[in-house]
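Report on the structure
Here's the letter readout for the chains.
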There are 2 protein chains.
Amino acid sequence: MRPHSRMAAFFPILAWGRSYDRAVLTSDLMAAVIVTIMLIPQSLAYAMLAGLPPVVGLYASIMPLVLYAIFGTSRTLAVGPVAVISLMTASAASAVAPVGTPEYLEAAVTLAALSGVMLTVLGLLRLGFLANLLSHPVISGFITASGILIATSQLKHILGVRAEGETWPAMLHGLVSDLGAINPATVAIGIPVLAFLFWVRKGLKPALQGLGMSARAADMSAKAGPVVAVALTILAVIGLDLGNRGVAVVGAVPQGLPPFTVPLADPALIAQLWVPALLISIIGFVESVSVAQTLAAKRRQRISPDQELIGLGASNIASALSGGYPVTGGFARSVVNFDAGAQTPAAGAFTAVGIALASLYLTPLLFHLPVATLAATIIVAVLSLVDFKTPRQLWAYSKADLAAHAATIIVTLLAGVELGVIAGVVVGLLLYLWRASRPHAAIVGRVPGTGHFRNVERHAVITLPHLLALRIDESLTYLNARWLEEYVLELVAERPQLRHVVLMFSAVNAVDASGLESLEAINHRLGEAGVGLHLSEVKGPVMDRLHRSHLIEELNGRVFLSQDQAFAELADDTGVPPPPVDHYEARGFI
Amino acid sequence: MRPHSRMAAFFPILAWGRSYDRAVLTSDLMAAVIVTIMLIPQSLAYAMLAGLPPVVGLYASIMPLVLYAIFGTSRTLAVGPVAVISLMTASAASAVAPVGTPEYLEAAVTLAALSGVMLTVLGLLRLGFLANLLSHPVISGFITASGILIATSQLKHILGVRAEGETWPAMLHGLVSDLGAINPATVAIGIPVLAFLFWVRKGLKPALQGLGMSARAADMSAKAGPVVAVALTILAVIGLDLGNRGVAVVGAVPQGLPPFTVPLADPALIAQLWVPALLISIIGFVESVSVAQTLAAKRRQRISPDQELIGLGASNIASALSGGYPVTGGFARSVVNFDAGAQTPAAGAFTAVGIALASLYLTPLLFHLPVATLAATIIVAVLSLVDFKTPRQLWAYSKADLAAHAATIIVTLLAGVELGVIAGVVVGLLLYLWRASRPHAAIVGRVPGTGHFRNVERHAVITLPHLLALRIDESLTYLNARWLEEYVLELVAERPQLRHVVLMFSAVNAVDASGLESLEAINHRLGEAGVGLHLSEVKGPVMDRLHRSHLIEELNGRVFLSQDQAFAELADDTGVPPPPVDHYEARGFI
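None of the values given here were measured: they were computed from a predicted structure. (Residues numbered from 1 in each chain as written. Chains lettered and ligands numbered in written order. Predicted model: local features only at pLDDT ≥ 70, side-chain atom pairs only at ≥ 80, totals over all residues. Heavy atoms only, no water.)

On the side of chain B, 65 residues touch chain A, which itself brings 66 residues to the contact. Overall, the association of chain A and chain B removes approximately 6000 Å² of surface from exposure, summing both partners, and the carbon and sulfur fraction of that is 51%. Measuring nitrogen to oxygen at the nearest pair gives 3.8 Å for the salt bridge that ties D473 of chain A to K539 of chain B. Summed over the shared surface of chain A and chain B, the result is 24 residue pairs in polar contact (both at pLDDT 80 or more). Looking at the side of chain A that touches chain B residue by residue, the class counts come to 31 nonpolar, 14 polar and 21 charged. (Contact = heavy atoms within 4.5 Å. Buried area = accessible area lost by both parts, 1.4 Å probe. Salt bridge = Lys/Arg side-chain N within 4 Å of Asp/Glu carboxyl O. Polar contact = N/O pair within 3.5 Å; in protein donor to acceptor, adjacent residues only side chain to side chain. Nonpolar A, V, L, I, M, F, W, Y, C, P; charged D, E, K, R; others polar.)

In structure tokens form, the structure reads like this:
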């Protein structure tokens, strides 16, 4: 790679920055205005969900966007606080310090810093494949359970009660036992806002289109619904003096740019938080990459997952340095950015300027914003995460995947987000390993009149009593090496007439050292039993590698180019070739 | 399965017990006498290696053998204390209490009980496949490093110094700093015994054969070498009064049968020890099954790995209940048992009687046995575990496997046995996942004049500019689902002329839910881009399963029985069929 394109791979801004012109600038600016308006209530709400002062949500929406614009490979991804990561931040930070303390905020900033460092290191080491450990069913289960947890956690703000709890049963118990303390004024704000936002989501767009608005404009207007709710409820609190009737409001928000923060100064905190930080990093990365890939494919653009790790890492480090908490590429905001016409990551940088202006000049207006409004915003946003379709599809398609999905949902609801992710990964891996340790293999015979060999259990084929042909439908690795030995020796032990075993390697793409050792053991044991071991249809790269061991020279048999050739030449090996045995007659000893 | 054979599967004794007769009894009794003589010094030595009173080694060699005779499936496996498990016991127990205290002994008994319960549960749940996580290179690295650790740990007994240490650098440092305190009388016993045992191992058998003894008898006599060393050094200690010259001796050994012990009474101890107990279980199981399989194959017998878990589990529970420590099937003792002619597990039960008699009547004779003699026995036994051949073979065959091997050795030597095993498993799994996330796939074209399709990079084949045929050489699972999407979409993004993509599924044995979702995403995105997605050569079981999803009905293309058919029918799809393009000309855009 030339130094120039190497630089461009590491700083994607060098690639798109070159062709930046006035038309692109106009598109990016338009998108930035729309995203800024949408982001202000969302950032405040997610910070609240994370148990942080609302202004921290604004801080986390400024510098991370600038850094992503420099290092990220998606043209339209919008980074910032998102619901699931906010929930995970709350879960990790509240294990360290009580909500509302400076130590809690420090824990959240530390999570961002740790996550930033981890993502960057994973990116530099090209370890993005680790995200593969999260299967689709596990991710979908985790998102569903998180959506349920988040929505439940916000009900207290709608009802004006104090219910606490980290797990779902604890939250429900808290809500039920606090039902007597419901604040009527809060409910009078919360329920209408909730209803309004649901209507905006489902009914406003068709209504606006009915009034003659274009589909895109109607969509954009519907996205501004939360802003309208924010404005109206602020006016209601001021006009009806609801602050004195027990309606919780946001209160004084510090005015000004994000403070410079020095994270990672406390080794004890790092020791406590590195596991949740790693989980936040991986979940954030998976969410972000999925969104970025979906949007890139729509415009036939490409993203680079390993460089995305670096982009997200830089964003999180920037968030930590400016007093923010963990961020990632969010689905809702990225779609708005895309639909609003963003062409390059510069749109993100312009959004950052918009949010910075808001935190300089708009925060006094937020004093009277009811917390219930923010809670309603969150509930409406996260309920769309809850997915009842996936379990039905998995039930039909794969019970094993359903088990991983269900385990993730149940553990997340009952034991929290961290154990939920871990349970999903572990169950998925165990199911995978269980299957990998029992690969598919078939005894094959010749299809009469052809050179093709097929499974004796599915086709009427010709076999010979002194020759056993096995097709191994999997690469030989340490996960199935033990199985191979057991399988072959079991079959041989059952067949006293056997003189030759042919392993048909047409589907074997690799043989690792454990697979090699099993082959050597099989060769040795068959040799002792007077049975020849032959290989057929070995692929080029596999054969090249086997030649680096002693297997081929010590093989108690031959290597045949085709199974047909092996069948033809070994058929004569009994001196007088035995008559071909029809498969159905031969079943008795197969 | 009939109830009768079900019982026999669970109690293998019901199968072999039926045909027990006088001839088998004679063979079994002979073998038992020989194994008993060999086991007495070995059991004492391994108990000492585990940091336990020597008599605990005898206790661990009585009841476990009886239980294995009932539940085990190998005819000739001999269970009892072994070197590596003794080292792991020492490592785990010394983290809980100082050597020599009752708490240390309690920890060792608890490890046996926990390990017994875990093995039994794994067996009942048929989870033996978990042992597959230990690849051959990891096991061999672990055994090598354990051999080095054990031999080094015993040098202090040969030199008569006090050096302590859990890791290799600490042991070496202890030895070097204690060199001034060497006890000459101990060295005068230790070095000659060491030399004698090495000579017995290498030189005695040929010497005896030279004197006209049969190979088998010479082999058996050589195995009695340690017993001779024990007898001679006891006489030397008594005759030369070496006990008063600083030679450490075994001292008073309680006379009598194993005491009944109640393990697992302390939940705090269980919490501290369950991780090492799990590692001991898995290492012990792997060692035992390897030995059992090797011996069974020699007589064309079979073992059942899941039932072996139950047999070893019962043995360890029995060990714990009778004051012993973790046991497993040992290589050396099993080979002696096999060579001495044992026919059934009854030989093990007779050996148990022999050891019980020894612990009733022989222990007073062991008072003057020098510890240096036991240490020399251990050193000579474990140095055969150290294997310099494997790293050389791995270097030639597979650098990835070499990495797992080296990581296991280094971490075991520097950080101890538990972290060593864990590091080996983790490194092996990461390398596996890394490879599994990048499966092999090839763009294929038609071999001119045939219906065969081959990799364009290895063969001169025919391709069409508007048709891309991809052969996926791996099952589609969540580990490679992301790769599939990236790979296909990348290739499509590079080829603006493309109208059709055919995925050739001849080597796809399964598609899990994540693979399905990726196929659906590819189908959707290709549809948006006006490119058809087709499948060819889909295997029966895979097709059956895909029909349980919506993929086939929503497929933006067709399913072809053969790649040849797909090529023929899609070639016409451009209206006027384009001329076939020779592969080498076409390279530019492939």
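The phi torsion at D241 of chain A lies on the positive side, around 50 degrees, for a residue other than glycine. Within the element layout of this structure, D241 of chain A appears in the loop between α12 (225-240) and α13 (267-298). With relative accessibility at 41%, the residue D241 of chain A sits in the partly exposed group. Of note in the backbone geometry, E537 of chain B takes a positive phi value of approximately 55 degrees without being a glycine. By the element assignment, E537 of chain B lies in the loop between β8 (532-536) and α23 (540-546). Relative accessible area serves as the criterion here: at 26%, E537 of chain B is assigned to the partly exposed category. (Helix = DSSP H or I, 4+ residues; strand = E, 2+ residues; numbered from the N terminus. Buried < 20%, exposed > 50% of the residue type's maximum accessible area, 1.4 Å probe, protein only.)

Aromatic ring pairs: the centre-centre distance and the angle between the two ring planes describe each pair. Under the counting rule described, the total for this entry stands at nine aromatic pairs over all chains. With a centroid separation of 6.4 Å and 40 degrees between ring planes, the pair formed by F196 of chain A and W199 of chain A is classed as tilted. Taken together, the residues F196 of chain A and W199 of chain A, both in helix α10 (residues 184-210) and three residues apart, mark about one turn of the helix. What makes F196 of chain A partly exposed here is its relative accessible area of 26%. An aromatic cluster is built from Y432 and Y478 of chain A together with Y432 and Y478 of chain B, whose rings are joined through pairwise contacts. Positioned above the aromatic ring of W395 of chain B is the side chain of K399 of chain B, whose terminal nitrogen or guanidinium carbon lies 4.5 Å from the ring centre. (Phe/Tyr/Trp six-rings, centres within 6.5 Å; stacked < 30°, edge-to-face > 60°. Lys NZ or Arg CZ within 6 Å of the ring centre and 35° of its normal.)

This next bit is on the relation of the copies chain A and chain B. Each copy of the sequence occupies a distinct position, and chain A is placed on chain B by a rotation of 180 degrees and an axial shift of 0.0 Å, giving an RMSD of 0.0 Å. As the rotation angle and translation indicate, the two copies are arranged about a two-fold axis. Taking C-alpha positions as the reference, the residue of chain A nearest the rotation axis is A507 of chain A, at 3.1 Å. (Least-squares fit on C-alpha atoms with pLDDT ≥ 70 in both.)

Attention now moves to the pattern of salt bridges. Once their charged atoms are close, side chains differing in charge can pair, the charge on each being opposite to the other. Overall, the coordinates contain twelve salt bridges over all chains when judged by the stated rule. Across the salt bridge formed by R471 of chain A and D473 of chain A, the nearest N and O atoms sit 2.8 Å from each other. Per residue, the accessibility class of R471 of chain A equals that of D473 of chain A, and both read buried. One network of salt bridges, in which partners are shared, links R471 and D473 of chain A together with K539 of chain B.

All names here are of chain B. Taking burial as the measure, the five residues of β8 include five buried ones, the bulk of the element. Of the two faces of β8, the one carrying G532, H534 and S536 and the one carrying L533 and L535 are both buried. Pairing of strand β7 (residues 500-504) with β8 involves five bridges; the strand directions are parallel. Within β8, the position partnered with L503 by the bridge is L535. Handedness of the crossover is the feature at issue here: the chain leaves β7, passes through helix α22 (residues 513-528), returns alongside β8, and the resulting connection is right-handed. For β8 and strand β9 (residues 559-560), the ladder comprises two bridges, and the chain directions are parallel. In the strand pairing of β9, L535 is matched with V559. (Pairing = 2+ DSSP bridges. Right-handed = clockwise from strand over helix to strand, strands pointing away.)

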